[in-house]
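# Results of the structural survey
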Amino acid sequence: MLSLRAAELLRAVETGTIVPHWRVPGFGREVDEIRAQLGPIELRGTLAASFGREAGLRMALHGAAAAPLDLAYAVRWLELDPKRPRPIPAWTRWLPAEPG
């Protein structure tokens, strides 16, 4: 599920089909806060195990919609991809909030 969420995120960014609520003020800040907590995780296996625990709890409470938690994990997954070693900026710079 994590690799699928990461692929969806990357496709959305590359095609410009960003989900509107990803740009709501505060959403990006929440993604960035979670990403900061995931920074010490350096192995995809460890990240996937952590995501399984966290996403399972979140989905049981809130359903399957992409939440900041999912997207923070997806970004970290992309950062740890040995085939595309590139830094990904903070969410608030990558997908800034829409004014208003």
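For the structure itself, look to the data block above.
As the structure is a prediction and not an experimental result, all values here were calculated from the model.

Our focus in this paragraph is the environment of Ala 6. Within the secondary structure, Ala 6 sits in helix 1 (residues 2-15). In sequence terms Ala 6 and Val 75 are 69 residues apart; their C-alpha atoms lie 6.6 Å from each other. Ignoring anything within four residues of it in the chain, the contact list for Ala 6 reads Ala 74, Trp 77 and Leu 78.

Turning our attention to the packing of helix 2 (residues 27-38) against helix 4 (residues 68-79). It is the contact of helix 2 with helix 4, at a shortest axis distance of 8 Å, that shows an interaxial angle of 50 degrees. Taken together, helix 2 and helix 4 sit at an angle that is classed as oblique. Viewed along their axes, helix 2 and helix 4 form a crossing whose handedness is right-handed. Along the contact surface, helix 2 presents Phe 27, Glu 30, Val 31, Ile 34, Arg 35 and Leu 38, while helix 4 presents Pro 68, Leu 69, Leu 71, Ala 72, Tyr 73, Val 75, Arg 76 and Glu 79. Considering only residue class, the contact of helix 2 with helix 4 consists of 10 nonpolar, no polar and 4 charged.

Attention now goes to the packing of aromatic side chains. Overall, the coordinates contain 4 aromatic pairs when judged by the stated rule. A ring pair is formed by Trp 91 and Trp 94, whose centres lie 5.9 Å apart and whose planes are at 85 degrees; its orientation type is edge-to-face. Of this pair, Trp 91 and Trp 94 are both found in helix 5 (residues 91-94), 3 residues apart, which corresponds to roughly one turn of the helix. Using a relative accessible area of 0% as the deciding quantity, one classes Trp 91 as buried.

Here we come to the nonpolar core. Formed by 28 residues in total, the largest nonpolar core has its most connected members in Leu 9, Trp 22, Leu 47 and Trp 91. Listing elements by their share of this core, those giving two or more residues are helix 1, helix 2, helix 3 (44-62), helix 4 and helix 5. Considering each element in turn, this core owes the most residues, 8 residues, to helix 4. Those residues in contact with Trp 91 that lie beyond four places of it in its chain are Leu 9, Trp 22, Phe 27, Gly 28, Val 31, Asp 32, Arg 35, Leu 71, Val 75 and Pro 96.

Conventions we followed
- Residues numbered from 1 in each chain as written.
- Predicted model: local features only at pLDDT ≥ 70, side-chain atom pairs only at ≥ 80, totals over all residues.
- Heavy atoms only, no water.
- Helix = DSSP H or I, 4+ residues; strand = E, 2+ residues; numbered from the N terminus.
- Contact = heavy atoms within 4.5 Å.
- Axes fitted to C-alpha atoms, helices over the stretch in contact; angles between N-to-C directions.
- Parallel < 35°, antiparallel > 145°, perpendicular 65-115°, else oblique.
- Left-handed = near helix turned anticlockwise from the far one by under 90°.
- Nonpolar A, V, L, I, M, F, W, Y, C, P; charged D, E, K, R; others polar.
- Phe/Tyr/Trp six-rings, centres within 6.5 Å; stacked < 30°, edge-to-face > 60°.
- Buried < 20%, exposed > 50% of the residue type's maximum accessible area, 1.4 Å probe, protein only.
- Core = buried A, V, L, I, M, F, W, Y, C linked by side-chain atoms within 4.5 Å.

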